[in-house]
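# An overview of the molecular structure
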Amino acid sequence: MSIVLGIMVPHPPIIMSEVGGGEEKKIQKTIDSYRQAAEAVADFSPDTIVISSPHTTMYADYFHISPGGEASGDMSAFRAGNVKFKINYDKEFVDKLCLKADAAYFPAGTMGEREKRLDHGVMIPLYFLRQTMDLSDVNFVRVGLSGMPYKDHYRLGMMIRDVSNELGRRTVFIASGDLSHKLKDHGPYGFVKEGPVYDERIMDVMGRGAFKELFDFDEKFCDKAAECGHRSFIIMAGAFDGTDVDAKALSHEGTFGVGYGVCTFTPLGVESKREFLDILNGERLKVIKEQRKNEDLWVRIARTSLETYIRKRERIDGREAFERFVTDYGTAKGEEKYGQLESELLQKEAGAFVSLHKDGMLRGCIGTFLPTQDCVADELCRNAICAATEDPRFSPVRADELDFIEYSVDVLGTPEDIPDSSYLDPKRYGVIVRSGMKRGLLLPDLEGVDTVEEQIDIAKRKAGIGRFEAESLQRFEVVRHL
């Protein structure tokens, strides 16, 4: 067996009469469609119910799967402590899912917080489920979201599908998540124009089961709309990868200024045209291959160094990386171009930063203020590996990611002291802020950094420099290579 049903549902506490105190009647369409979805779940008599929730434990670079044999919770946070829930976890399912993630070097598992309290993103669906079935007759798997790219959420859904197949489970997937929280001026979060646009788009996409279009939602747009369920919906979509679905949009309401959408998804059969991750990866690879035809030598050296290290566990120096370029492109050593490049990369010293991006998101960035190696090429070789393996904000880059990594290289000019911030321009100059032994650097021309004040503030936070600590400033220019 595999995923026999998927449902997309919201989780507003006010939907419960014990919390709403009559206000819930204002979203009666949502209540009715929620009950219809819960009845559909009961009709399938599932062995396992997987619930993805935005309100369980969440990490930037890791998917948390709730551990243990059981969990309980109540609605006391919403002044309804008499409403209580207790569920049993499908430990065999969780164990196998963790093993599958480990084998793929995929960042998911039960490490981290051992949270046994259920969150309301799970309890609201349970509230409706237990009106149609005995919760003790089914086991649950609770998974959290992460700050990782959409594709990784989709991959997690695919792994959940595969585990369900391997264990022969009749599995229902519940994607818990509200839509925009900014639909009305009088709502709890106010209004932005992106709010109703998001709701209209997501209900159209989910109502058609057009899961590939979930990846077309720009993350900045989603942030402005203040949605909370998008990644939850993508995990569920991954569980249906390669499967045609009968999608039904049951209702959408925004009465209280927050969007509540309910949809159901019933599998119809295998459909290779809906293997969306493979399709997306194929499209992305074509773009990156075209980009790499035009990448300059600075970027190629960084990429060659990193790919050699990850795939072969071998470190190469700048000279070897440079010579590989010469071999690949047939550049004769006597040519003027070769001499110029050799001088810039193998004879000069400079600090340099190597930045890695994947699917439009930063994947690692490490650099040096001043030269630490014998030449720029050596600096690039070292910093590329460090960006992929030592940036504390990210897990190490895996071999299967290399084809999708995009590189940029910033070669720093010599920093110069400046008397005050009036000498800065965040588009032209990077900044170094010093206070005693603490030192923070920010590169110039970064997306989202538009003012000198923002630039200095970020650099100070990176260095741990307090608001009232004495500071000195330096500026520098960079040559950016793509």
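An account of the accompanying structure is given in this report. (Residues numbered from 1 in each chain as written. Predicted model: local features only at pLDDT ≥ 70, side-chain atom pairs only at ≥ 80, totals over all residues. Heavy atoms only, no water.)

## Notes on the sheet that holds strand β5 (residues 80-89)
A sheet is described by the order of its strands in space; here eight strands give the open sequence β4-β5-β7-β2-β8-β1-β10-β9, paired in mixed fashion. The sheet is open, and its two edges are formed by β4 (70-75) and β9 (243-253), each paired on a single side. Sheet twist, expressed as the mean angle between neighbouring strand axes with direction ignored, is 25°. Of the pairings in the sheet, the one linking strand β2 (residues 48-53) to strand β7 (residues 139-144) comprises six bridges and is parallel in character. (Pairing = 2+ DSSP bridges. Helix = DSSP H or I, 4+ residues; strand = E, 2+ residues; numbered from the N terminus. Axes fitted to C-alpha atoms, helices over the stretch in contact; angles between N-to-C directions.)

## Concerning the packing of aromatic side chains
Applying the stated criterion across every chain yields a total of nine aromatic pairs. Ring pairing ties together the aromatic residues Y34, Y127 and F128, which thus form one cluster. R201 extends its terminal NZ or CZ atom over the ring of F217, reaching a point 3.9 Å from the ring centre. Stacked on the ring of F369, the Lys or Arg R439 has its end atom at 4.0 Å from the ring centre. (Phe/Tyr/Trp six-rings, centres within 6.5 Å; stacked < 30°, edge-to-face > 60°. Lys NZ or Arg CZ within 6 Å of the ring centre and 35° of its normal.)

## What about the pairing of strand β13 (residues 405-412)?
Counting buried residues in β13 gives eight out of eight residues, a clear majority hidden from the surface. In this structure, strand β11 (residues 352-358) lies alongside β13, joined through seven bridges in antiparallel fashion. Considered in β13, the bridge of S355 is made with S408. (Buried < 20%, exposed > 50% of the residue type's maximum accessible area, 1.4 Å probe, protein only.)

## With respect to the pattern of salt bridges
Within the structure shown, the criterion is met by 43 salt bridges. Between R284 and E406 there is a salt bridge, with its nearest N and O atoms 2.5 Å apart. Of the two residues, R284 sits in helix α9 (residues 276-293) while E406 sits in strand β13, which places them 122 residues apart along the sequence. Judged by its relative accessible area of 18%, E406 is buried. For K293, the salt bridge is made with E290, and the minimal N-O distance between the two is 2.9 Å. Taken together, the residues span about one helical turn, with K293 and E290 both in helix α9 at a distance of three residues. (Salt bridge = Lys/Arg side-chain N within 4 Å of Asp/Glu carboxyl O.)

## Digging into the pairing of strand β10 (residues 260-270)
Both strand β1 (residues 3-9) and β10 contribute to a ladder of three bridges, which runs antiparallel. By the bridge assignment for β10, M8 is matched with C263. Note that β9 and β10 share ten bridges and pair antiparallel. Residue pairing in the sheet places E253 in a bridge with Y260 of β10. Joining the antiparallel neighbours β9 and β10 is a turn of six residues, in which G257 adopts a positive phi near 90°.

## Focus on helix α13 (residues 376-389)
Its 14 residues place the ends of α13 20 Å apart at the C-alpha level, agreeing with the 20 Å of an ideal helix rising 1.5 Å per residue. Residues V376, A377, D378, E379, L380, C381, N383, A384, I385, C386, A387 and A388 constitute the buried set of α13. (Expected span 1.5 Å × (residues − 1).)

## Describing the environment of R292
Tracing the chain through its elements places R292 in helix α9. Each C-alpha atom, one on R292 and one on E406, is 8.9 Å from the other, the two residues being 114 residues apart in sequence. Ignoring sequence-local partners within four residues, the contact set of R292 consists of R300, R303, E307, L402, D403, I405 and Y407. A polar contact is formed between the side chain of R292 and the backbone oxygen of L402, at a distance of 3.2 Å. (Contact = heavy atoms within 4.5 Å. Polar contact = N/O pair within 3.5 Å; in protein donor to acceptor, adjacent residues only side chain to side chain.)

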